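A closer look at the structure
Below, each chain spelled out in residue letters.
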Amino acid sequence: MTGIITIKPEREKPVLNQHPWVFSGAVDRVEGNPQPGDIVTLVSRKGRFLARGYYNPKSQIVVRILTWQDEPIDDDWWRRMLDRAIQSRENDHSWQIGDAYRLVNAESDYIPGLIVDRYAQWLSLQALTFYIDQQKRKIARMLVEICAERFRPIQILGVFERSDVDVRSKEGLSPEVGLLWGEEPPDRIQITADGIAVWVDIRKGHKTGFYLDQRENRTQLFKVANWHFPTLPNIPRNITVLNLFSYSGAFGLHVLELGAKVINVDSSYEALELAEENVKLNNVPLDRVEFIQANVFEYLRDMRDNGEQYDIIVLDPPKFAQSAQQVERAARGYKDLNLHAFQCVKPGGYLMTFSCSGAISADLFQKIVFGALADSGRQAQILRHLGPGEDHPVALTFPEGAYLKGLLLRVY
Ligand code: SAH
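Right, let's walk through the structure included here. (Residues numbered from 1 in each chain as written. Predicted model: local features only at pLDDT ≥ 70, side-chain atom pairs only at ≥ 80, totals over all residues. Heavy atoms only, no water.)

A short note on the site of the ligand
Close to the ligand lie 15 residues; R218, F245, D266, V296 and D316 are nearest. Within the contact set of the ligand, a nitrogen atom lies 3.2 Å away from a side-chain nitrogen or oxygen of N295. Out of a free accessible area of 580 Å², the ligand has 88% covered by protein chains. Across the shell around the ligand, the residue classes break down as 7 nonpolar, 5 polar and 3 charged. (Near = heavy atom within 4 Å. Polar contact = N/O pair within 3.5 Å; in protein donor to acceptor, adjacent residues only side chain to side chain. Areas by Shrake-Rupley, 256 points an atom, 1.4 Å probe, with all protein chains shown as cover. Nonpolar A, V, L, I, M, F, W, Y, C, P; charged D, E, K, R; others polar.)

Spelled out as structure tokens, the structure:
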């Protein structure tokens, strides 16, 4: 234990309430000359133990808390926490319906700064903070040991690092990508998500390779298409799904098997190439799918002007608000998209609309969508509030973790 940090009395409350972040303004005194990446103990002004975490004075979040108990942060702690996170995924659906899901969800799994995703026999790891970056090789080894126990007979072949994210600069770190343990992964890994086969590019794909957080919403889309557009046995559904910001086309794959037509729109050529490979992988006739490289803002406006309408629209844009300062601009972007999307849904059709901006709350998002509806002259009902799947838990003490929110709407 190298450092002791005294917390200002008026700033103790969030620590006691188990919020994992300690901002520089909450620090009263630093003793013991701790270095970036050192474990520090947080105490009250009276010297009472509050918590223990890791230190980085280069970040505005000077301490991220690892435990609220007076216990050492040693290999035993690490093994216990990683095992608890991985074991919890055995109990939810993730385990039975596929081989790709999040194993460790950072702050929300009480391991701030660490993200680990499983893609079949590979793990993809993101180290978001200085301390986690220092520990990453040890973490990779432990993950492999734990997975060897828990996934038996399936073996993990390699752990690949995807720490190519901007937030690392706030910790004084540059991006890093490469092998941490085991074999180099191939360019594309085949995973199964809810019965659908998908190619994932864990070396260069978005995030850690795939948008795992949307997994359960893709199943929800399948249910909407299946239940709300009934058909006779063996007769394919005559519906068109407009999949906006499609990335590798995963939403569309789930409804193609029902006979739907799918139009994937994305600005990234590589994403659409992968989307086409995914359609082939699932043996769907390519003539039922379109891949359109376009800016969705312009595409939707054109479709609206042309009077085009679709049975279902999925609207899953990238993060528009990186911080609280960008909320207003982001809100205008979401409103614009949702307004035109409403106008392009057939009466009685559906809109699945999302925001993955942490700075925009579910409440604010709903208000933005309401504003878009009001301008569209249409009517809409909320059928469901959407969020990430159970493999992306959100710690109740860490509302910042609830970045993905969405609405399933029926539109008249
Ligand atoms: N729905 C996807 C994930 C979407 S991520 C899935 O289920 O996997 C956001 C996507 O939007 C990325 O693929 C990115 O290439 C694309 N994108 C970002 N800005 C865009 C724009 N203005 N027009 C079209 N696509 C855009």
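There's more to say after this.
A closer look at the pattern of salt bridges
Tallied over the entire structure, the rule returns 32 salt bridges. The salt bridge involving R64 is made with E171; its shortest N-O contact spans 3.6 Å. With R64 in strand 6 (residues 61-67) and E171 in the loop between strand 10 (158-163) and strand 11 (176-182), this residue pair connects regions lying 107 residues apart in the sequence. As far as burial versus exposure is concerned, R64 and E171 are alike and both buried. Each of D133, K136, E161, R168 and E176 takes part in one network of salt bridges that share partners. (Salt bridge = Lys/Arg side-chain N within 4 Å of Asp/Glu carboxyl O. Helix = DSSP H or I, 4+ residues; strand = E, 2+ residues; numbered from the N terminus. Buried < 20%, exposed > 50% of the residue type's maximum accessible area, 1.4 Å probe, protein only.)

Quick look at the environment of S169
Tracing the sequence through the fold places S169 in the loop between strand 10 and strand 11. Note on S169: relative accessible area 52%, which makes it exposed. Note: C-alpha distance between S169 and L128 (41 residues apart in sequence) is 9.2 Å.

Overview of the side chain of R118
By the secondary structure assignment, R118 is in strand 8 (residues 114-119). D99 provides the closest opposite charge to the buried, salt-bridge-free R118, at an N-O distance of 5.3 Å. A polar contact of 2.8 Å, which involves the side chain of R118, links it to the backbone oxygen of A120. (Lys, Arg positive; Asp, Glu negative; His and termini not counted.)

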